[in-house]
Amino acid sequence: MRTFAEPAPAKVLDRLHWQQRQEQYWGEISTSYDDLYQSKWSRFENAWVSRRLSFVRELAWPTVIDLGCGTGLGRRLLRDVNPAIRYVGVDISAAMARLTADPEDDAKVIVGAMDDLSALADDSADVVIALFTSLSFAYDTSAVLTEVGRVLRAGGHAYLSALSATSRSWVTRRTVREGVYRTRGDLRPGAGVPVRLIGVHDMRRHAAAAGLTTVSVAGMNSMSGALEIPQLWYVGRFVARLVPATAHTLEFHLRKFG
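First, a word on what this report is: a plain description of the structure on this page. (Residues numbered from 1 in each chain as written. Predicted model: local features only at pLDDT ≥ 70, side-chain atom pairs only at ≥ 80, totals over all residues. Heavy atoms only, no water.)

1. Quick word on the environment of Leu131
The line we're drawing: Only DSSP runs of H or I with at least four residues qualify as helices, and only runs of E with at least two residues qualify as strands; both kinds are numbered from the N terminus onward. Accessibility here uses a 1.4 Å probe with only protein chains present; expressed as a share of the type maximum, an area under 20% marks a residue as buried, one over 50% as exposed, and anything in between as partly exposed. Note on contacts: a residue pair is in contact if any heavy atoms of the two residues lie within 4.5 Å.
Relative to the elements of secondary structure, Leu131 occurs in the loop between strand 4 (125-130) and helix 5 (141-151). Exposure remark for Leu131: the relative accessible area of 6% places this residue in the buried category. In the structure, Leu131 is positioned 62 residues away from Cys69 in sequence and 7.9 Å away in space, judged by C-alpha atoms. The residues touching Leu131, leaving out its near neighbours within four places in the chain, are Val49, Leu53, Leu67, Gly74, Leu77, Tyr159 and Ser161.

Printed below as a string of structure tokens:
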């Protein structure tokens with residue numbers, strides 16, 4: 001398998017090269033991606049996110065847009081919460097999008113960047129999600145929030161996950177260097193993809209500018225990214241609940257009112 005040259009820091013990349021890096025990285029890892037997330041720790045994460053998405057259960061036939069849908073984990077989690085969802089996945093990697101598509105499902109999958117949802121109509125979605133730090137892989141965070149605000153119907157929900165800029169833990173320093181990140185278990189020499197670390201203040205500001213109200217902010221787990229020993233899951237979750245800023249990952253629940 002071809003490997004990457006040493007990744008360029010995210011701050012020096014323009015939009016075109018950023019997107020090329022995203023397409024290349026996720027395309028090359030697409031066929032092995034699911035195998036990297038089969039541990040008990042990953043199952044704990046899935047269950048935690050499912051509980052956070054429980055609000056979808058109360059919605060009747062909701063249309064859900066999944067930004068950075070990858071191989072379709074978001075669709076599977078949401079189907080468990082509410083089998084009646086109408087699912088639209090968006091991913092910059094055509095290889096990932098092919099794995100998300102299911103001929104036995106009515107899911108729709110779009111290949112494209114999450115900060116340009118021009119293929120989707122205004123007020124066309126009840127829920128927009130970006131799970132497991134997917135928001136951090138967008139070139140323009142503000143543009144993503146603007147697009148989310150545009151496609152959501154009044155009263156709609158957004159649940160967006162990002163790598164935390166407020167975390168100063170050694171976990172974050174270990175897994176994100178110079179704005180470059182590699183997904184869990186990817187040990188290929190030189191592999192990495194540019195990311196944006198997003199802070200709570202900036203996220204609230206971008207959301208408000210897009211007409212979105214912040215309902216809640218939560219840290220998933222203060223040990224995600226390192227020391228992923230199942231016995232420590234509950235410790236890390238407890239610490240993140242007390243001080244979300246210590247978490248490697250931040251989860252934002254937003255609403256569009258009016």
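From this point, things continue past the structure.
2. Describing the packing of aromatic side chains
Heads up, the condition is: Here a Phe, Tyr or Trp ring, Trp counted by its six-membered ring, pairs with any other such ring whose centre lies within 6.5 Å, and the pair is stacked when the planes are under 30 degrees apart, edge-to-face when over 60, and tilted otherwise.
Throughout the structure, instances matching the rule amount to nine aromatic pairs. With a centroid separation of 4.8 Å and an interplanar angle of 85°, the aromatic rings of Tyr25 and Trp26 are classed as edge-to-face. For Tyr25, a relative accessible area of 0% translates into the label buried. On the accessibility criterion, Trp26 (10% relative accessible area) is buried.

3. Here's the deal with the nonpolar core
Stated formally: Buried Ala, Val, Leu, Ile, Met, Phe, Trp, Tyr and Cys residues that are joined via side-chain atoms within 4.5 Å together make up what is termed a nonpolar core.
Core analysis: the largest hydrophobic core is formed by 29 residues, its most contacted members being Ile65, Leu67 and Leu254. Listed by contribution, the elements that provide at least two residues to this core are strand 1 (63-67), strand 2 (86-91), strand 4, helix 5, strand 5 (152-163), helix 7 (200-209) and strand 10 (249-256). Residue contacts for Leu67: discarding those within four places in its chain leaves Val90, Met114, Leu117, Val128, Ile129, Ala130, Leu131, Ser134, Val144 and Val148. Counting 23 residues, the second-largest nonpolar core is a separate cluster that includes Val127, Ile129, Tyr159 and Met223.

4. Brief notes about the sheet that holds strand 1
Test applied: When DSSP finds two or more bridges between two strands, those strands count as paired. Here the axes come from fitting lines to C-alpha atoms, over the contacting stretch only for helices, and the angles between their N-to-C directions go from 0 to 180 degrees.
What the seven strands build is an open sheet, ordered 3-2-1-4-5-10-9; its pairing is mixed. Pairing within the sheet leaves two strands with one partner each, and these edge strands are strand 3 (108-111) and strand 9 (212-219). Sheet twist, expressed as the average angle between the axes of neighbouring strands with direction ignored, equals 15°. One ladder, built from four bridges, connects strand 2 with strand 3; its direction is parallel.

5. A look at the pairing of strand 10
With eight of eight residues buried, strand 10 is to be regarded as a mostly interior element. Sheet topology places strand 5 next to strand 10; seven bridges connect them, and they run antiparallel. Paired with Leu163 across the two strands is Thr249, which belongs to strand 10. Two elements, strand 9 and strand 10, share seven bridges in a ladder whose sense is antiparallel. In the strand pairing of strand 10, Thr214 is matched with Leu254.

6. Considerations on unusual backbone geometry
Look at Asp123: it is not a glycine, yet its phi comes out positive at around 50°. Looking at where Asp123 falls in the secondary structure, it is placed in the loop between strand 3 and strand 4. In this structure, Thr133 is a non-glycine residue whose phi angle is positive, near 70°.

7. Some remarks on the packing of helix 2 (residues 40-52) against helix 3 (residues 73-81)
How we decide: Any angle that falls under 35 degrees is termed roughly parallel, while one over 145 is termed roughly antiparallel, one within 65 to 115 roughly perpendicular, and all others oblique. Each crossing gets its handedness from the near helix: less than a right angle anticlockwise from the far helix is left-handed, clockwise is right-handed. Lys, Arg, Asp and Glu make up the charged group, whereas Ala, Val, Leu, Ile, Met, Phe, Trp, Tyr, Cys and Pro make up the nonpolar group; the residues left over, Gly among them, are polar.
Contact pair helix 2 / helix 3: the axes reach a minimum separation of 10 Å and the direction vectors enclose 55°. Taken together, helix 2 and helix 3 sit at an angle that is classed as oblique. Taken as a pair, helix 2 and helix 3 cross one another with a handedness that is right-handed. Mapping the contact onto sequence places Asn46, Val49 and Ser50 in helix 2 and Leu73, Leu77 and Val81 in helix 3. Each residue belonging to the contact of helix 2 with helix 3 can be placed in one class, and the counts come to four nonpolar, two polar and no charged.

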